[in-house]
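# Remarks on the overall topology
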Amino acid sequence: MPDYTREELEHMRITMEGESALDRMKRKSREEPLVPAGVALTCFALGAATVGVRTGNRAYANNMFRLRVAAQTFTVFAMVGGSLYYTHKEKQAKLAAEKSITPAPTKEEQ
C-alpha cells in the first residue's frame, strides 16, 4: 500500500465525501491565515467602538471606528493578495505539469 501525505488523504476524503462548511472554513483558514486575523480584528474594533458609544467616550469610539476601517482594509488586501498568490502558484504547478508531460520530439520534428 503506498504511503500518502496528509494533504493527499484529505483531498481523497473530500473527493469521496464532499466538504462540509466547517471543513471548508478550516481549509481556507490554513491557506490564508491573515484573512481570519483581519476579520477577528475588525470584530474586536466594532465591539470596542460599540462599548465606546454606549459609555459616551467619543474619542475612544472614534479611534475604534478608525481601527475598524483599517482592519477591514487589511482584510481586503489579505484576500486579494492571497488570491493572487494562489492563482500564481496554480499556474506554476500547471506549467510544471505540462513540462513533465510534454512528449519527446520525434525525428520529423527535429
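The coordinates are above.
None of the values given here were measured: they were computed from a predicted structure. (Residues numbered from 1 in each chain as written. Predicted model: local features only at pLDDT ≥ 70, side-chain atom pairs only at ≥ 80, totals over all residues. Heavy atoms only, no water.)

Right, let's get into the layout of surface pockets. Volume-wise, the largest pocket comes out at about 450 Å³. R6, E7, E10, R27 and R30 are the residues nearest the centre of the largest pocket, which is lined by 14 residues in total. Among the secondary structure elements, those contributing two or more residues to the lining of the largest pocket are α1 (6-17), α2 (21-31) and α4 (58-101). Residue contributions to the lining of the largest pocket peak at seven residues, all from α1. Within the lining of the largest pocket, the residues separate by chemical class into two nonpolar, two polar and ten charged. Reported here for the second largest pocket is a volume of approximately 150 Å³. K28, E31, E32, Y86, K89 and E90 together form the lining of the second largest pocket. With three residues, the single largest contributor to the lining of the second largest pocket is α4. Residue composition of the lining of the second largest pocket, grouped by class: one nonpolar, no polar and five charged. (1 Å grid on protein atoms, 1.4 Å probe; cavity = no way out; pocket = protein on both sides within 12 Å on 5 of 7 lines; lining within 4 Å. Points joined across faces, edges and corners; volume = space filled by probe spheres on them. Helix = DSSP H or I, 4+ residues; strand = E, 2+ residues; numbered from the N terminus. Nonpolar A, V, L, I, M, F, W, Y, C, P; charged D, E, K, R; others polar.)

Quick look at the environment of G82 now. Its location among the elements puts G82 in helix α4. Remark: the alpha-carbon pair of G82 and A97, spanning 15 residues in sequence, is separated by 22 Å.

Taken together, the side chains of V76, M79, V80 and L84 present a nonpolar region at the surface, about 370 Å² in accessible area. Judged by its relative accessible area of 43%, M79 falls in the partly exposed class. (Patch = residues over 30% accessible without salt bridge, like charges linked within 9 Å, V, L, I, M, F, W, Y side chains within 5 Å. Areas by Shrake-Rupley, 256 points an atom, 1.4 Å probe, with all protein chains shown as cover. Salt bridge = Lys/Arg side-chain N within 4 Å of Asp/Glu carboxyl O. Buried < 20%, exposed > 50% of the residue type's maximum accessible area, 1.4 Å probe, protein only.)

Moving on, we come to the side chain of T42. Considering the arrangement of structural elements, one finds T42 in helix α3 (residues 34-55). Each residue touching T42, except ones within four places of it in the same chain, is listed here: R68, A71, Q72 and T75. (Contact = heavy atoms within 4.5 Å.)

Time to look at α1. Across its twelve residues, α1 extends 16 Å between first and last C-alpha, which sits within 8% of the 16 Å expected from 1.5 Å per residue. A small share of α1 lies buried, amounting to zero of its twelve residues. The first or second residue beyond α1 is G18, which carries a positive phi of 90 degrees. (Expected span 1.5 Å × (residues − 1).)

Between two packed helices, what matters for the description is the angle formed by their axes and the separation of those axes. Packing of α3 against α4 leaves a shortest axis separation of 8 Å and a crossing angle of 165 degrees. Here α3 lies roughly antiparallel to α4, going by the angle between them. Considering only the axes of α3 and α4, their crossing is left-handed. Of the residues assigned to the contact of α3 with α4, the class counts are 19 nonpolar, five polar and one charged. (Axes fitted to C-alpha atoms, helices over the stretch in contact; angles between N-to-C directions. Parallel < 35°, antiparallel > 145°, perpendicular 65-115°, else oblique. Left-handed = near helix turned anticlockwise from the far one by under 90°.)

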